[in-house]
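Descriptive structure summary
The lines below spell out each chain.
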Amino acid sequence: MEHIVIIGNGISGVTAARHIRKKSDKRITIVSTETDYFFSRTALMYVYMGHMKFEHTQPYENWFWEKNRIHLVKGYVEKVDHASKNLVLKTGEDIAYDKLIIATGSKPNKFGWPGQDLKGVQGLYSKQDLDALEVSAPNKDVCKRAVIVGGGLIGIELAEMLRSRDIPVTFLVRETSFWNGVLPKGESQMLNEHIAEHHIDLRLETNLVEILADENGNARAVTTDKGNTIECNLVGLTAGVSPNIEFLRDSGIELGRGVKVNRYLETNIADVYAIGDCAEQHEAIGNRRPIEAVWYTGRMMGETVAQTICGNKTQYSPGHWFNSAKFLDIEYQTYGWVFSERGMKEYEQHFHWRHSQEKICITIAFHKETGMFLGINTFGIRMRHEIFDRWLTEKRNVDYAMEHLADANFDPEFYANYEQEIISKFNSDFGKSIASKKKSLKRIFAMG
């Protein structure tokens, strides 16, 4: 019986295992060192905040694995010997494979800061990070202040977690405005205000220089390039993640920043595949990055590689870009491509609307020559994924999108609607006279 071995029990590896089992009777082994069972990484913050227990983050009961004949091995892979199709674990144990899937995910970036390996310095990625946070920052008495370094999605999550226990937070962001490498300036500015309203000490254009130690090897303060020393008991390093691939350095498997793969998620070695955060496309797919550290793309890669391993060779084709997140109290969604000023294409034009009082806004990107709708960012308004996916596929123009904006609104009944305000501003900005069409369930649920 063919033996499929998967290194990593995150969303990518587990999805691959589940789909291989659905389609075949192959022998499946998952090797992981992080936890006994798969858990939802995106839910870690809610465990710390008291909204759920860790066991609630496990989507499957513990009996699921045995019932589905997915063998779990807790261990650290030190070496991949592709010539003999063998893995060597840290314990010295060997595991032979017929096909290997590398799904080892990411690790928090460290940039060689002095003191970065002190106790009380950590990222927010793994179950071990969550456990360490409970030691360093259980409450405001033990942790008098935390400093977070890096202004992305993980940084804002960590800030929200710490503030839920009333721990003072200083947030060091090297950019001139929060996440302005990703978001257009109107959105980024709104988030600056929102962060400040949550009593987070946001320091823009500020870099970490050094983490200072106390006599016991714990972090006690940081210094910045502004000449400030900030006393703290916890330093959260959230300046992005990078593929977790150190154990593959001498394996003969081609590496870049991640494990190099083609569109079929195959490496340069026969019968070895890579998926999820650790996989790097030789050539980026459209405007997507070669490495995508995103939950849903990891899941899609797991489904795709399972097809190939079960005899139906399938290209990884993730479709139109989308993502969602939460910035404290504000829900964020993005569909298609809306670039920041730093990354805008020469043909890209933006329309931005912001509510006069609430933290609600949208930015729509469209082609300045043809008017083709390119993408939308929304903050504080829920939108229908299927509608924007359809409009992007059909290459609808921005006028059509504005006219039918009510179809895209997914907020429940009795929520305030803002389509009239948005369209009025669009008409004013671009000299148009578009009228909003009434929401149509027939259009919304029309089959493609």
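Everything discussed here concerns the structure shown above.
Summary of the structure given here. (Residues numbered from 1 in each chain as written. Predicted model: local features only at pLDDT ≥ 70, side-chain atom pairs only at ≥ 80, totals over all residues. Heavy atoms only, no water.)

**What to know about the overall build of the protein chain**
For clarity, the cut-off: Helix and strand assignments follow DSSP, with helices taken as H or I runs no shorter than four residues and strands as E runs no shorter than two, numbered in order from the N terminus. Contacts: residue pairs with any heavy atoms within 4.5 Å of one another. Using the Shrake-Rupley algorithm and a 1.4 Å probe, accessible areas are obtained, with residue cover drawn only from the displayed protein chains. Counted charges follow a simple rule, with Lys and Arg positive, Asp and Glu negative, and His plus the chain ends left uncounted. Where a charge sits is defined by one atom per residue type, namely NZ (Lys), CZ (Arg), CG (Asp) or CD (Glu).
Along the backbone of the protein chain there are 12 helices and 25 strands. Once local pairs closer than 6 in sequence are excluded, the contacts in the protein chain between residues at least 24 apart make up 62%. Accessible surface for the protein chain amounts to roughly 20900 Å². Of this, 48% is attributable to carbon and sulfur atoms. Considering the protein chain, the positive charge centre built from 55 side chains and the negative charge centre built from 59 side chains are found 3 Å apart.

**Re the sheet that holds strand S7 (residues 99-102)**
Filter applied, for reference: In this analysis, strands are considered paired if DSSP registers two or more bridges between them. A fitted line through C-alpha atoms serves as each axis, taken over the contacting stretch for helices, and the angle formed by two N-to-C directions is quoted from 0 to 180°.
The parallel open sheet is built from five strands, whose spatial order is S3-S2-S1-S7-S19. Each having just a single partner strand, strand S3 (70-74) and strand S19 (272-274) make up the two edges of the open sheet. Direction aside, neighbouring strands of the sheet carry axes that sit 20 degrees apart on average. In the sheet, strand S1 (residues 3-7) pairs with strand S2 (residues 27-32) via five bridges, with the strands oriented parallel. Within S2, the position partnered with Ile6 by the bridge is Ile30. Lying over the sheet, helix H1 (residues 11-23) contacts S1, S2, S3 and S7, oriented at roughly 170 degrees with respect to S2.

**Thoughts on the state of the cysteines**
Working definition: the covalent bond between the sulfur atoms of two cysteines is a disulfide. As a reminder, the rule being used: Two cysteine sulfur atoms make up a disulfide if the distance between them is within 2.5 Å. Each residue is assigned to one of three classes by its accessible area relative to the maximum for its type, calculated with a 1.4 Å probe on protein chains only: buried under 20%, partly exposed between the two thresholds, exposed over 50%.
Applying the stated rule across the entire model yields zero disulfides. Just so you know, Cys278 is unpaired, no disulfide at all, and the nearest cysteine sulfur is the one on Cys310, 19 Å from it. Of the residues examined, Cys278 reaches a relative accessible area of 0% and is grouped as buried.

**Examining unusual backbone geometry**
Only a minority of non-glycine residues have a phi that is not negative, and only a minority of peptide bonds are not trans. The phi dihedral of Trp179 is positive, around 55 degrees, even though this residue is not glycine. Structurally, Trp179 can be placed in the loop between strand S11 (169-173) and helix H6 (185-197). With a relative accessible area of 16%, Trp179 lands in the buried category. A positive phi is found at His199, a non-glycine position, where the angle reads about 60 degrees. Tracing the backbone through its elements, the reader meets His199 in the loop between H6 and strand S12 (201-204). The class of His199 is exposed, set by a relative accessible area of 62%.

**A short note on the nonpolar core**
Let me state the cut-off plainly: Nonpolar core, defined: a set of buried Ala, Val, Leu, Ile, Met, Phe, Trp, Tyr and Cys residues in which side-chain atoms within 4.5 Å join the residues together.
Membership of the largest hydrophobic core comes to 51 residues, with the highest contact counts inside it found for Ile6, Val80, Leu87, Leu100, Ile101 and Ile102. In terms of residue count, the dominant contributor to this core is helix H7 (residues 295-309) (six residues). Apart from residues lying up to four places away in sequence, Ile102 is in contact with Ile7, Phe247, Leu248, Ile253, Val259, Val272, Tyr273, Ala274, Ile275 and Cys278.

**Overview of the pairing of strand S22 (residues 330-336)**
With six of seven residues buried, S22 lies mostly within the body of the structure. When strand S21 (residues 322-327) meets S22, the two strands line up antiparallel, connected through six bridges. Pairing of Lys326 across the sheet is with Glu331, part of S22. The antiparallel pairing of S21 with S22 creates a hairpin that spans two residues between the two strands, and Leu328 there sits at a positive phi of about 60 degrees.

**Re the side chain of Lys359**
Put simply, the rule is: Residues adjacent in sequence count toward polar contacts only when both atoms are side-chain atoms; beyond that, a polar contact is any pair of N or O atoms within 3.5 Å, and within protein one must be able to donate a hydrogen and the other to accept it.
Tracing the sequence through the fold places Lys359 in the loop between strand S23 (348-354) and strand S24 (361-367). At 2.8 Å, the side chain of Lys359 forms a polar contact with the side chain of Glu197. Other than its neighbours up to four places away in sequence, Lys359 contacts Met190, Glu193, His194, Glu197, Ile330, Arg354, Phe379 and Gly380.

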